[in-house]
Each structure stands twice: as C-alpha cells, then as structure tokens.
Amino acid sequence: MRIYFFDTETTGNQSDDRLCQLAIKEESVAEPLLNELYRPLKPIPPEASAVHHITNKHVADKTTFVASPRYSEIKALFESPDTIVVAHNAPFDVGMLEAEGILPTHVIDTLRVARHLDVKREHAMYKLQYLRYALDFELDVPAHDALADVITLEALFEHLLQKAMTERSLDRQAALTLLQELSDTPLLISEFNFGKYKGVSIAEIAATAPDYLLWL
C-alpha cells in the first residue's frame, strides 16, 4: 500500500463550498506530488481568505479542479485499492473531494486516531497545529497553507503509527490496519467538557445526577 497525505483549502465549510487549493505528498518523498491553486465554482469569501490567505485574485486565472490537467491522475490514485490517503479531520477534506467527483477508497483520519490513542487524555485539543507544538515537531513550515499542513500531517501520522506499534506491540502492517479501523470507529464522549459537570465522567453523572442527563 502506498500512503499519500493531503490537505485542502476551501471557500468554507458548508455543503456548497469547494476547494481552492489541494496539496498531496507521498510518504517519505521529499517533493510534493501536487500543490496547486484552483478557481472554485463560487467566490472565496473574506472569512475564508482570512484563514488561508487565498483570494479571488489569486485564482482568477486558474482552472477549476475538475478541468485541471492532473484531475484524472489524482482521481485514479485516490480511488485505487492500493492507496491509503491520510488527512486530519478527514470527513471534511474527503467531502471536498467527493464534491469534485473523487471517492477515496482507503482513508486514515489522524484527528480521530489521535483522540482514540490518547487514552490518558494528555492533550487539551486535537487540532493539527496544536498537536504540532504539543508533540514538539521540529518543522520549519508556516501554518494554514495546504502544503505546510501536509508536511505537519506526515509527522503526526508517523508519530501515531509508532505509538500504535509500541503501545500495542504491532508490526507496521498491523498498525496501519488499526489506524484504518480507528478512523472508522466513532468517538464516544466519556465526560463533559462544559457546564457545571465539566470534567466529570458521564458514568458518574448517571449514578449521582441522572436527572441532569434526562434534562439534556
């Protein structure tokens, strides 16, 4: 299996939003496979530009992703049964690809995997850039650029893979299978992170204050 890391920058996070940048990098290959801007089918709002700094002027002379020269290549690669694609908060990025007609076959979501493997709850949050600094990755890349995020993503993936191999005594292939399984496993809320019971387990609340759960 070949592993590819990818990230999108988009016009927003709603169902009608579209990608305006796509970056892809193969595992252990220095040069990115792709890092391109595209003209989305709707204007880039200032709220989105404030995050990724891509404006409508930047993409005015670009083609749409579907009409781009490498679209068919990327579609074949991501839909191949021999490819695993990796993203952070994968449902969002995969959704953007699906809106463009690409349906990845094998997906690993490092956001979900990171939360599943953090059984001791050592991290306060699981955003990609938070984990970059919490795990002390030595990366000379900026934030909020698709390619920079892909480089950070690869470092996080390798950390999670090694964590799974070490803590669960797995070889690389078994660890890869585990990461795919965890990516498909829903995350269960074990304690509240808000309100008067913040930090208290749901099991404890159920035993001592069941009316609160009924009220919710």
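The structure this text deals with has already been given above.
Bear in mind that the values here come from a model prediction, so they are computed numbers and not experimental data.

Summarise the pairing of strand S4 (residues 83-87); cite the residues concerned and give the values.
Burial of S4 is extensive: 5 of the 5 residues sit out of reach of the surface. Because side chains alternate across S4, one face comprises the buried residues Thr83, Val85 and Ala87, and the other comprises Ile84 and Val86, equally buried. Taken together, the 4 bridges between strand S1 (residues 2-10) and S4 define a ladder with parallel strand orientation. Looking at the pairing, isoleucine 3 lines up with isoleucine 84 of S4. Where S4 meets strand S5 (residues 106-109), 4 bridges bridge the pair, whose relative direction is parallel. In the strand pairing of S5, isoleucine 84 is matched with histidine 106. Following the backbone out of S4, through helix H4 (residues 90-99) and into the adjacent parallel S5, one traces a crossover that is right-handed.

Could you give me a rundown of the layout of surface pockets, with the residues and numbers involved?
Here the idea is plain: a probe the size of a water molecule rolls over the atoms and shows the empty space left. Taken as a whole, the largest pocket spans an internal volume of roughly 700 Å³. Taken together, 24 residues line the largest pocket, and the ones lying closest to its centre are Asp7, Val51, Phe92, His144 and Asp149. Contributions of two or more residues to the lining of the largest pocket are made by S1, helix H1 (46-52), H4, helix H6 (128-134) and helix H7 (146-167). The leading source of residues in the lining of the largest pocket is S1, at 5 residues. Here the lining of the largest pocket is built from residues that sort into 10 nonpolar, 9 polar and 5 charged. By volume, the second largest pocket is sized at about 460 Å³. Taken together, 17 residues line the second largest pocket, and the ones lying closest to its centre are Arg115, Arg121, Tyr126, Glu191 and Asn193. Here the lining of the second largest pocket is composed, by residue class, of 9 nonpolar, 4 polar and 4 charged.

Tell me about the packing of aromatic side chains, residues and numbers included.
Any pair of aromatic rings gets described here by the distance separating the centres and the angle formed by the planes. Applying the stated criterion across every chain yields a total of 8 aromatic pairs. Ring geometry for phenylalanine 5 against phenylalanine 157: centres 5.3 Å apart, planes inclined by 65 degrees, an arrangement best described as edge-to-face. Residue phenylalanine 5 is found in strand S1, and its partner phenylalanine 157 is found in helix H7; the two are separated by 152 residues along the sequence. The interplanar angle of 80 degrees and the centroid separation of 5.2 Å between the aromatic rings of phenylalanine 65 and tyrosine 71 together place this pair among those described as edge-to-face. With a relative accessible area of 12%, tyrosine 71 lands in the buried category.

An account of the pattern of salt bridges is requested, with residue identities and associated values reported.
One pass over the full model with this rule turns up 8 salt bridges. Each member of the salt-bridge network shares a partner with another, and the members are Asp16, Asp17 and Lys42.

The rules behind these values
- Residues numbered from 1 in each chain as written.
- Predicted model: local features only at pLDDT ≥ 70, side-chain atom pairs only at ≥ 80, totals over all residues.
- Heavy atoms only, no water.
- Buried < 20%, exposed > 50% of the residue type's maximum accessible area, 1.4 Å probe, protein only.
- Helix = DSSP H or I, 4+ residues; strand = E, 2+ residues; numbered from the N terminus.
- Pairing = 2+ DSSP bridges.
- Right-handed = clockwise from strand over helix to strand, strands pointing away.
- 1 Å grid on protein atoms, 1.4 Å probe; cavity = no way out; pocket = protein on both sides within 12 Å on 5 of 7 lines; lining within 4 Å.
- Points joined across faces, edges and corners; volume = space filled by probe spheres on them.
- Nonpolar A, V, L, I, M, F, W, Y, C, P; charged D, E, K, R; others polar.
- Phe/Tyr/Trp six-rings, centres within 6.5 Å; stacked < 30°, edge-to-face > 60°.
- Salt bridge = Lys/Arg side-chain N within 4 Å of Asp/Glu carboxyl O.

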